[in-house]
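Remarks on the overall topology
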Amino acid sequence: MKEANRKKLGDKDELIFYCCIIALPLLQIAIFYFYVNFNSVLMAFKSYDKMSKTFYWDFGANFSLFWKELTQTSIIIDAFKNSFIVWLFTCVLGTFLSIVFSYYIFKKWVLSKTFKFFLFLPSVLPSILLVIVFKFFVNDAIPGYILHFTGKTVTPLLIGKDSLMPTILFYNVWVCFGSQILIYTGAMDQIAPEILEAGKVDGVSCIREFISIVVPIILPTVATFVIANVATLFTNQANLYAFFGDNVSYSNYTIGYYLFELVNKEGNGKTMYPYASALGIICTLIAFPLTLLARRLLTGKEEA
Amino acid sequence: MDQNVKIKAVKRSSVNVFAIAIAVLLAIYMLTMCISLFWTIMTTVKTNAEYELYEEAGLIVGNKLWLPKTGISLNNYKMAFQYFYVEVQEEMYTVQYDIFQQFLNSFLYSFGCATSVTVVSLVMGYATARFRYKFSNYIYAFVLVTMALPIVGSMPSEIAVATSLNIFDTFPGIWIMRGSFLNTYFLIFFAQFKMIPKDYTEAAKIDGARPFSIMLKIIVPLAMGTVSTVFVLAFISFWNDFQIPMVYIPSYPVAAYGMYKFQNTPIVEIANTPTRLAGICLMALPIVIFYAIFNKKLNVNLSVGGVKG
Amino acid sequence: MKNKKICAVIATLLMSVIAIGSFSSCGKKIKKDDGYDPTKANISVATYNGGVGYQWLEDAARRFEKKYENATHFEEGRKGVKISVDKDKHIYTGQNLSTSALTKDIYFTEGVDYYEFVNANKVADISDVITGSLSQYGETGTIEDKLDTSFKSFLTAKDGKYYMVPFYDAFYGFVYDVDLFEEEGFYYDKEGDFLALRDESQRETFQKNKANGPDGVHGTYDDGLPATYDQFKALLDQIVAKSYIPFCYSGSYNDYVSKACRAFIVDYEGYDAFRLNYTFDGKAKLVKEIKDNGTVVTEEVVITQKNGYELQRQAGKYYALKMQEDIFGTVKYIGGIWNAFDYTVAQSEFIKSKYMSERYAMLVEGIWWENEATPTFTDLETQRGEKKESRRFGFLPMPKVNASLAGPQTMLSANRSFGFINKNAQNMELAKEFMRFLHTDAEMSKFNAKTSISRSLKYEVTSEDAKTATYFGKELIKMRKQANVVYPYSSLQMVINNSAAFTESAWFMNSSVEGVTLNNPFDAFKNGTADAKEYFNGLYTYQKLMWSSLK
């Protein structure tokens, strides 16, 4: 009886504690997310009248425009396709390389500290520095050196028809390791030494150790990153604006860049806000189930 | 004895295959990074006259690719230092913020925001991961949705709200506004706290510990490594951000904004590639130092917070 | 133990940050003397310090202060006026100003979304300035008299009031190196042969022998320049034959090329036909068929808001695309390689190419380029001792489809630049007076001479002022004097509410070719995605499809 009472008391205690600690963050969200963004989301069902500066209800307009752009132009399809490719490279390839690199650092193999320093460097340096330097390299330096040493003229990589997208993809992978490496090496460091020791005694090879011991243990951490990354599928601009400003061909658009352009392109004003909002909602409707699916696949949990 | 030898042999052979492959990749990566940075530093010590107008055989060819040929000059840094200021309009006067003032603003902005975002994400991650209420699931799902949902044009309404709460253009205001858990950090903490076995808390509970002290004295210390990692990540991203401070704390120009302006300056003396790059390097210096120092601290913390998987 | 220590350190740090944060306003800051003068009436003026610069504004402010040095009516108890000029390339763009509070009294900037500003209730009604008398400056008319009719209807479409005044003309096109053209004989003589200036002493004969140019009149600024498309292309071949590169352009911002080629459309269509793209009301001559030999057959169609997309069949649009394809569709005329220059690099390469192994004959740019390229001129002066003023450049008038179309130029001004007064100006009366002053013929003439760029109003540059302009500026003044200028503004509800569909980049560039949507003719021609005819037909396909989605 007493035991049960205490447990009940403890439960109540916990509930109060729970409510207390989430109250302030939730209040913050209530004000700075819900209140602030409520109208932005409703905008998807509205149109903008510039003369009276009002958004008026216009239920189907933005969605029918989306349908038209999806079915009768190549803009949306290309943007989806590019977004997916960028995602594949930054999320799948980037994550894979990050895990492998982290393992190298975790094992403290030759130069691992130096490598770690360089892998994280892009996250430390201002992105504008990296963009300027990278742009110079692929557009001026590489063609310059090739011309100097071989006498061959090469189209700058960000200009050439076939080299543009690969170069953009390379850049996005090139700068994506930082935080992942930090988190994964952190997670690997937390693996109990006895487990690895046991493996060693059994004579497990490095590859085996990596695949059978390390990866499964840090999988929850990786899963977290991948899940968070699914969400970036449609928000990633792939640095297109940093490289080209407004001057990007439709065939190279990503959804993230398209959204950015709709809202920020000079001359558009607020007229495309509603359409961008609708496009955002449609993308969320696609990304959310994908995120849940990824979560289910990676963690085996069935939570909503 | 025999076994030891065997292990060593296995270790060596697998190092040869696997480690070398990764090492090669890493070396290539490091090389690309080094070359770019070397080129950047090399360019900053060239005069623009050499960079653009270097002559060979009476013809202008420029020297963008090779080592300085007319000597090393630190003038670009001097110029960058001199012109690295931001002017802010205050009533009838313009106030000039020099580079140190901007660094101070950057520090206040980044440290405060990084602290608030870390604390909030930590607390929410703890609450949702350790307490199995239905509401916790809703919060988790909600975070995922918001991360996927690009919100369009909410800036004016955010400014309006901040202004009406009297926190626009103040440091505490921006700290509160950035103190949100709708981010990856929340997910990281969530995963971290999910990993810690229930036994830890159960044992403490039996000893009569209250929920607050369980969180603060038992669970959070175990996650200290993650906390500092998240803090450093957040700090760095805030440090390099210029758009948010530009809009929300216009009276306190941060160094990233100073650099952004420096990049687009109309002042003839500094509107050239070598000086611009020198300006960026100048701005990056404190954060690189910060990283170098904190990097060591990080490793210590991680080993302190060692938790079995 | 260690954890506690860390916690303590973090807590202490946090506390100190909060403490410093609350007192940081007491930190060391330098107060810059803006020139606020407590004995005088003050206003502050800001400008986007782009290609137009800010020096013109400083000069005008000093003249204004001098004129009103004894005025006491602007503020009680104060004698004289003080105008503080602030220039900040980054802050004062139209886009930035539309989202932030206005802290200055008067602004001159570009990229302005007029109705967005007006509706945000930030700008003062200056109808009295625009329609009021300028007699105090010895003029009989009003500023309104100096506005193009399209501006009048656009600016007053909301409620009949004026809130802004147009700022400067932004023309894109081809800048040519006059020195090179004269030395190498890239001018045409009356027989259609190339003509060079062998010796300065023969300048008179040289001028006399030059062909009439695109305007068909001898003795004007465009004498000797290519009059027709064919002559233009022959000139490009001649430039290549003489081992020069016809064009320097910005590969990273290749929309400059498309913008420059748009000048072909405007010049071919002329003022009224081109304005149809903004009024959607009138008769248009549209392409019915393009024959295999390139001959264009046209028909007349009545344009209304219902069938506005039909305007995508305007012949000028085809000719412009065809010219763009012929000139920039291959690397023949751009130096054998697609470059990745940024526009400032393109300017610098063009200027310094005089001393490089390969020299460019022309630059694809806007008319403000000379001001933006000042750093290169300065460096070149240090190194080679050659002053900016000693280089001669001109702005190429667009050649015509054929010689029978000879006549004055029609030019398109983009950039949406305006001047306006903050609704909460500290001294409205003074601000308005300064606005009036800036829009007198005398001041606009001085602006034009100083910047080489014309104001988007009607006035004449005095011969005295013209003397102070650069060579390029002088050429532009002559050109602008003869030209019709079209402004891309519409007072139609349909256009205003769908501004994204009618921006120049959307309206003139979106095209649908076999299901592939294109927005960049430069890339399309470069990558072989479409040819000029396909791109042209695609303009119509795309806009017809989208027309029903306009709100």
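Structural data are supplied above this passage.
Residues numbered from 1 in each chain as written. Chains lettered and ligands numbered in written order. Predicted model: local features only at pLDDT ≥ 70, side-chain atom pairs only at ≥ 80, totals over all residues. Heavy atoms only, no water.

**Quick look at the sheet that holds strand β13 (residues 393-395) of chain C**
Residues and elements named next belong to chain C. The condition that has to hold: Two strands form a pair only when DSSP identifies at least two bridges running between them. In DSSP terms, a helix is any run of H or I states spanning at least four residues, a strand is any run of E spanning at least two, and both are numbered starting from the N terminus. With axes taken as lines fitted to C-alpha atoms, and helix axes fitted only over the stretch in contact, angles between N-to-C directions fall between 0 and 180 degrees.
The 4 strands lie next to each other as β9-β12-β6-β13, forming an open sheet whose pairing is mixed. Of all strands in the sheet, those bounded by a partner on one side alone are β9 (245-248) and β13. The sheet shows a mean angle of 25 degrees between the axes of neighbouring strands, taken without regard to direction. Summarising the sheet, strand β6 (residues 172-177) and β13 pair through 3 bridges and their orientation is antiparallel.

**Structural notes on the interface of chain A and chain C**
Note the cut-off: In what follows, a contact means two residues having at least one pair of non-hydrogen atoms within 4.5 Å. Accessible area, probed at 1.4 Å, shrinks when two parts are joined; the buried area is that loss added up over both. We count a salt bridge whenever a side-chain nitrogen from Lys or Arg sits within 4 Å of a carboxyl oxygen from Asp or Glu. Polar contacts, as counted here, are pairs of nitrogen or oxygen atoms within 3.5 Å of one another; within protein the pair requires one atom able to donate a hydrogen and one able to accept it, and residues that are adjacent in sequence qualify only if both atoms are side-chain atoms. Each residue is assigned to one of three groups, with Ala, Val, Leu, Ile, Met, Phe, Trp, Tyr, Cys and Pro labelled nonpolar, Asp, Glu, Lys and Arg labelled charged, and all others, Gly among them, labelled polar.
Across the boundary between the two partners, chain A contributes 39 residues, which contact 42 residues of chain C. The largest per-residue losses of area from chain A upon contact with chain C belong to A:Lys50, A:Met51 and A:Asn247, which jointly make up 22% of the total buried on that side. Between A:Lys270 and C:Glu116 there is a salt bridge, and its shortest N-O distance comes to 3.5 Å. For the interface between chain A and chain C, the tally reads 28 residue pairs in polar contact (both at pLDDT 80 or more). Only β1 (46-49) and α2 (61-72) of chain A provide two or more residues apiece to the side of chain A that touches chain C. A breakdown of the residues in the side of chain A that touches chain C according to their chemical character gives 14 nonpolar, 15 polar and 10 charged.

**A look at the packing of α2(A) against helix α23 (residues 532-547) of chain C**
The line we're drawing: Every angle not falling under 35 degrees, over 145, or within 65 to 115 is termed oblique; those three ranges are roughly parallel, roughly antiparallel and roughly perpendicular. Helix crossings get a hand from a simple test, with the near helix turned counterclockwise from the far one by less than a right angle marking a left-handed crossing and a clockwise turn marking a right-handed one.
With their axes 11 Å apart at the nearest point, α2(A) and α23(C) run at an angle of 150 degrees to one another. The orientation of α2(A) with respect to α23(C), classified from their angle, is roughly antiparallel. Read as a crossing pair, α2(A) and α23(C) show a hand that is right-handed. Contacts between α2(A) and α23(C) pair A:Leu65, A:Lys68, A:Glu69 and A:Gln72 from the former with C:Tyr542, C:Leu545 and C:Met546 from the latter. Among the residues forming the contact of α2(A) with α23(C), the class breakdown is 4 nonpolar, 1 polar and 2 charged.

**Description of the pattern of salt bridges**
All names here are of chain B. Rules: Any residue under 20% of the maximum accessible area for its type is buried, any over 50% is exposed, and the rest in between are partly exposed; the area is computed with a 1.4 Å probe on protein chains only.
A full pass over the atoms with the stated rule returns 46 salt bridges over all chains. The salt bridge partner of Lys205 is Glu202, with a shortest N-O separation of 3.7 Å. Of this pair, Lys205 and Glu202 both sit in helix α9 (residues 199-206), 3 residues apart, which is roughly one turn of the helix. Residue Glu202 is classed as partly exposed on the basis of its relative accessible area, which comes to 33%.

**Observations concerning the pairing of strand β2 (residues 54-57) of chain A**
Pairing geometry for β1(A) and β2(A), over 4 bridges, is antiparallel. Within β2(A), the residue paired with A:Ser47 across the bridge is A:Tyr56.

**Quick look at the environment of A:Ile195**
Residues and elements named next belong to chain A. Tracing the backbone through its elements, the reader meets Ile195 in helix α8 (residues 193-201). Ile195 gets classed as partly exposed once you look at its relative accessible area, which sits at 33%. Between the alpha carbons of Ile195 and Val214 there is a distance of 9.6 Å; along the sequence they are 19 residues apart. Excluding residues within four positions of it along the chain, Ile195 makes contact with Ile213 and Ile217.

**Quick word on the interface of chain B and chain A**
Reports of interface size often rely on the accessible area that becomes lost once the parts have come together. On the chain A side, the residues contacting the 101 residues of chain B number 97 residues. Approximately 8,900 Å² of surface area, both sides summed, lies buried where chain B meets chain A, with 78% of it carried by carbon and sulfur atoms. A per-residue breakdown of the area chain B buries against chain A is headed by B:Tyr29, B:Val152 and B:Tyr291, which together make up 8% of the total. At the surface where chain B touches chain A, the tally comes to 2 salt bridges. With a closest N to O distance of 2.7 Å, B:Lys205 and A:Glu14 form a salt bridge.

By themselves, these are just geometric observations and shouldn't be taken as functional.
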